[in-house]
Amino acid sequence: MASAAWAVLQVLLLLPTRSWSPVGAGNPPDCDAPLASALPRSSFSSSSELSSSHGPGFSRLNRRDGAGGWTPLVSNKYQWLQIDLGERMEVTAVATQGGYGSSDWVTSYLLMFSDGGRNWKQYRREESIWGFPGNTNADSVVHYRLQPPFEARFLRFLPLAWNPRGRIGMRIEVYGCAYKSEVVYFDGQSALLYKLDKKPLKPVRDVISLKFKAIQSNGILLHREGQHGNHITLELIKGKLVFFLNSGNAKLPTTITPVTLTLGSLLDDQHWHSVLIELLDTQVNFTVDKHTHHFQAKGESSYLDLNFEISFGGVPTPGRARAFTRKSFHGCLENLYYNGVDVAELAKKHKPQILMMGNVSFSCPQPQTVPVTFLSSRSYLALPANSGEDKVSVTFQFRTWNRAGHLLFGELQRGSGSFVLFLKDGKLKLSLFQPGQSPKNVTAGAGLNDGHWHSVSLSAKWSHMNVVVDDDTAVQPLVAALIDSGDTYYFGGCLDNSSGSGCKSPVGGFQGCLRLITIGDKAVDPISVQQGALGRFRDLQIDSCGITDRCLPSYCEHGSACSQSWDTFSCDCLGTGYTGETCHSSLYEQSCEAHKHRGNPSGLYYIDADGSGPLGPFLVYCNMTDAAWTVVRHGGPDAVTVRGAPSGHPRSAVSFAYAAGAGQLRAAVSLAERCEQRLALRCGTARRPDSRDGTPLSWWVGRTNETHTYWGGSLPDAQKCTCGLEGNCIDSQYYCNCDAGRNEWASDTIVLSQKEHLPVTQIVMMDAGHPHSEATYTLGPLLCHGDKSFWNSASFNTESSYLHFPAFHGELTADVCFFFKTTVSSGVFMENLGITDFIRIELRAPTEVTFSFDVGNGPCEVTVQSPTPFNDNRWHHVRAERNVKGASLQVDQLPRKMQPAPADGHVRLQLNSQLFIEISAYFQTGSSMTYHFQEHYTLSDNSSSLVSSLHRDVTLTREMITLSFRTTQTPSLLLYVSSFYEEYLSVILIRYKLDRHQNPDAFAFDFKNMADGQLHQVKINREDAVVMVEVNQSAKKQVILSSGTEFNAVKSLILGKVLEAAGADPDTRRAAASGFTGCLSAVRFGRAAPLKAALRPSGPSRVTVRGHVAPVTRCAAGAASGSPARELAPRLAGGAGRSGPADEGEPLVNADRTDSAVIGGVIAVVIFILLCVTAIAIRIYQQRRLRKANESKVSKKEEC
């Protein structure tokens, strides 16, 4: 048997911030009515149509009129299907189909929305996911619920991918309900003043909620002030919302004030954003869209002493009707509530509580600006120039995160040269190229890659060229000859070199947004470009600015700075003490014990007691003796002299500060096995521990500000020095030498070792009328040794060994590190499954450690290979990290392997089961265990079922089966998988046959007798008709199936005796009747782990057990073959230790309803596979003829 394995595991869990969704004005709780089905055909429009019968009016869900759906003239990524809902509605879900009875369907698409049919916004499913999954055939419906919902009048579906054997084809439905709201429009020179009720009792808290749509990037949204300069202000500054809270005699805040909360980014995008402000005493909760900032103000709250009025849209000057002290808001407010009062409705009804100043209206104008998004470095927009004119005049606005990119190229007439306008290092540069002359350059602006809109004006006439960026103007004589405008301007990039356009640029293409383009004195209409009536383009998104802030929320940890480009973000870890893509991993060891293990000598070291947690590193001295002592010194005096004082007055009160913070000290002490702090006391005359009434005259304060009156290593409140504990004080009547009252110097050594109270932060000594007493004490440093996380190793001697830990919820960032040693060749260290997500670390081969996971983008693996085996019975260190940027794995000092994450993929790891090692179980004769994949009903297309990948519409063309077993019985049915369509797969210990409608094919494997009572490991991997069988990780055989390649509608997996195998072949039926007697371990069918589900059920049980099936101590060796193994847990059938009769099935009882995890080290014998007496037999039997009842049901369903 393999030797014991050991493991240490440390995990950081980062939980998502709670999101808040504003409550609409009177929206019903049930908001899922179909909205598109009742609309007239005129409400549907599209980019194009293949024919009149393929028009957008035929795109309603489940309709068959016309050609049965919308199909554009050309299938490319510039097509769209649009719905006008007639008014703003709350949209909660969407559904799609392909074209009826065709090969035309969309496999993925974008969803966009707008209030007025211009300036579209993309809906994001997650922080970085734009696309929606589409259809896999023409007629099934894919339904997707929107979380969160949104409000809009217009919706657009933009196909991204479609059936490669067909065209784009769509039928759609939109679900939701009516949305009612009150809107107020401010023109930048107007405001509302709301006069509050002057009630004698002030409110316990203030709650302000609203939605806003900004036309300009700066402006006051609300303001309330008091008589003494105290005020609250909500202001939009450069597209970010800033909440000012001023509680003292100060003037109106500038952009830099001591108390400010800033949230949001790019909020000047002319789309709606939600705001919620909650003020409760000194606590402030500030929420913008999904992001919340919690703030605790210092001192006493004075915001409740504000005046009984609040202004919205601006800050009016007293006594002047239209004068404002700050820049007013230009845009719209919606659902404006103050403590539950609808302020907009009061204003609309001209109630006396409302004073309107300036031009305030109650409808929100729709923007007419049409932005253009340059999606990639290959994007370009070619527009005709004013050819032949003796001047150049181009203006536009742009916004981007990229430091470099091509903005504009143009040629001059008569071969006189060309010019290029581009970004480099965040600055705008203009280069002019003329024949026979060196390039001439001019630079304007700086920091233009900040994501804000910037205005550019380029003009040239005669011999001068001017470039203006915002307010920065650059003028330089660049041209020696007359300027004539060329034929074409290229915005954002150039055509391929083979096009002969002459366009060139010293930098790559521009990624960002452009708007308000004018050439000469004429504005460019991007809609005409989209319709093909003007210019040419590539890889553009017209009528939308798709910029997004990848640093909001910031995934950079430990105070590191986030910077971004159009495609990605990066974190600057300099000076943080952390490293990695998101600055997650600490550069320092957790303790002096870890430094000692690395072989470091005594000296000063930084330690990070909580590893990659939120607490930073701090400096300590590591004293490497027999134990590694962590020494944390304080900044107090070396020695404190205490002399007598009047009764009741403190003789001494000294505080001690440490270089580390309270949280860092708490983490270091908690991590240590033992901590102590010594107090050396030398006293000259007597003192008493208590006053006459028993009140203690001396005490000390611990790290959490608790007062303690005990001394030495005694229990709290015992008030004994060390000599009192040991019984050797100079006067046996006292528990401290200094209490003896002798006229001679005495000393006490006090060791404080209750580590939950350490370190000492203050010592206080009083006097009880002994003015001539004197003492001197010295407080030593905090001393700790041991590391509970470092030496918490556990031995896993059998496959049934496991540990329980809290549930693993590292959604955005998680790291795992441990040591292991083993002699086995493979095994799973840890594994956790979700609905589709999973995470696993395993010893895949003697020289390979693999970290694999799936967060929704498909399985990802990182593997470290070693030139020498890992199963050498020596300690090896593993560190794995997964974050939104990717994954990394390092083993020992081997090079770290990394796997980047897709730029716009899923980022959250969602797990809902336990962490496991492999499980072993002993099957008595006649027993069985059935793992149910699904019931025979239709799963929704947006189902969260664990087996959503195995529902009845999915056809398996591949699967991997692994298990380990030990038996002496033959024949033995090791595994049987059934389906609803009478297809099945069986693994039996006999010979290999594959039966269809002809005589079975027989494939014989020359493996040794495997019913020998020894442990055998088998892996079967099928890809279509090719089956690879591997036995005991050495012998391998490949066979070709003749009965087909598809396994449909998987129903259940049975281990042991099978009661219903009527449709199976004779060999399978004989083996099914005998079942299996012996030990099975590490059974897997794809991602399903039936033994794990049986022995550690979670949620509704999927497992039914008949007869006696019990976890065992070992599957590799031990009990004689065929004999019962020792039980480690109650028998599975019934959950109370009893087993049911062989013909009575009972679902397992979930005995542990709490979230937990099981983490294992290297298992004695792990993962993988199966079987044979003289050969391995694997049966895949597929019967194409379904039962008549099933045929009837299917036919009826097709007719509906």
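Procedures and definitions
- Residues numbered from 1 in each chain as written.
- Predicted model: local features only at pLDDT ≥ 70, side-chain atom pairs only at ≥ 80, totals over all residues.
- Heavy atoms only, no water.
- Helix = DSSP H or I, 4+ residues; strand = E, 2+ residues; numbered from the N terminus.
- Contact = heavy atoms within 4.5 Å.
- Areas by Shrake-Rupley, 256 points an atom, 1.4 Å probe, with all protein chains shown as cover.
- Salt bridge = Lys/Arg side-chain N within 4 Å of Asp/Glu carboxyl O.
- Buried < 20%, exposed > 50% of the residue type's maximum accessible area, 1.4 Å probe, protein only.
- UniProt positions renumbered as here; feature names shortened; annotations may be inferred.
- Phe/Tyr/Trp six-rings, centres within 6.5 Å; stacked < 30°, edge-to-face > 60°.
- Lys NZ or Arg CZ within 6 Å of the ring centre and 35° of its normal.
- Disulfide = S-S within 2.5 Å.
- Core = buried A, V, L, I, M, F, W, Y, C linked by side-chain atoms within 4.5 Å.

> What am I meant to see in the overall build of the protein chain here?
For the protein chain, the helix and strand inventory stands at eight helices and 83 strands. In the protein chain, 72% of the contacts between residues at least 6 apart in sequence involve partners at least 24 apart. For the protein chain, the exposed area adds up to about 51,200 Å²; of that, 50% sits on carbon and sulfur atoms.

> Help me understand the pattern of salt bridges, please; the structure alone is not making it clear to me.
Once the charged atoms of two side chains with opposite charge are near each other, the side chains can pair. Per the counting criterion, the structure on display carries 24 salt bridges. Note that Glu182 is salt-bridged to Lys348, the shortest N-O span being 3.5 Å. Of the two residues, Glu182 is situated in the loop between β9 (171–178) and β10 (183–187) and Lys348 in helix α1 (residues 343–348); the sequence distance between them amounts to 166 residues. Relative accessible area serves as the criterion here: at 44%, Lys348 is assigned to the partly exposed category. Residue Asp815 is joined to Arg879 by a salt bridge in which the shortest nitrogen-to-oxygen separation is 3.5 Å. Of the two residues, Asp815 is situated in strand β57 (residues 814–820) and Arg879 in strand β62 (residues 876–883); the sequence distance between them amounts to 64 residues. Accessibility expressed as a relative area gives 4% for Asp815, which makes it buried. Salt bridges sharing partners connect three or more residues here, namely Arg88, Asp115, Glu151, Lys211, Lys213 and Glu334.

> So what exactly am I meant to see when it comes to the UniProt feature "domain: EGF-like" (unreviewed entry) in the protein chain here?
The UniProt entry lists residues 547–584 under the feature "domain: EGF-like" (unreviewed entry), expressed in the numbering used here. The annotated region residues 547–584 carries 0% helix and 26% strand content, and the separation between its end C-alpha atoms amounts to 27 Å.

> Looking at this structure, how should I read the packing of aromatic side chains?
Under the defined criterion, the tally for this structure stands at 24 aromatic pairs. Both rings, one in Tyr588 and one in Tyr606, keep their centres 5.2 Å apart while their planes meet at 35°; by these two values the pair is tilted. Here Tyr588, found in the loop between β43 (585–586) and α3 (592–597), pairs with Tyr606, found in strand β44 (residues 603–607); they are 18 residues apart in sequence, far enough to count as distant. On the basis of relative accessible area, Tyr588 is assigned to the partly exposed category, the value being 31%. With 5.4 Å between their ring centres and 40° between their planes, Phe851 and Phe853 make a pair best called tilted. Side by side, Phe851 and Phe853 carry an identical accessibility label, which is buried. Put simply, the rings of Tyr109, Phe113, Tyr123, Phe132, Tyr144, Phe150 and Phe157 pair up and form one aromatic cluster. Positioned over the ring face of Trp453 is Arg515, at 4.0 Å from the centre of the ring.

> Sorry, what's going on with the state of the cysteines here?
Here, disulfide denotes a covalent bond that connects the sulfur atoms of two cysteines. Applying the stated rule across the entire model yields nine disulfides. In this model, Cys31 is linked to Cys177 through a disulfide, with the two sulfur atoms separated by 1.9 Å. Because the sign of the S-S torsion sets the handedness, a value of about -95° for the bond joining Cys31 and Cys177 places this disulfide among the left-handed ones. Note that Cys31 is positioned in the loop between β1 (10–11) and β2 (33–34) and Cys177 in strand β9, a separation of 146 residues in sequence. Classification of Cys31 as buried rests on a relative accessible area of 9%. Residue classification places Cys177 among the buried residues on the basis of a relative accessible area of 8%. At a sulfur-sulfur separation of 2.1 Å, the disulfide partner of Cys513 is Cys545. In this structure, the disulfide formed by Cys513 and Cys545 twists by about 95° around the S-S bond and is classed as right-handed. Pair noted here: Cys513 is in strand β36 (residues 512–519) and Cys545 is in the loop between β39 (540–542) and β40 (561–564), with a separation of 32 residues, a long-range link.

> Help me out: how do you make sense of the nonpolar core in this one?
The tendency in soluble globular proteins is for nonpolar side chains to be buried side by side. Counting 45 residues, the largest nonpolar core has Trp700, Ile763, Tyr777 and Leu782 as its most contacted members. With sequence-adjacent residues up to four places away left out, Ile763 is seen in contact with Ser652, Ala653, Val654, Phe656, Leu679, Trp699, Trp700, Trp711 and Tyr777.

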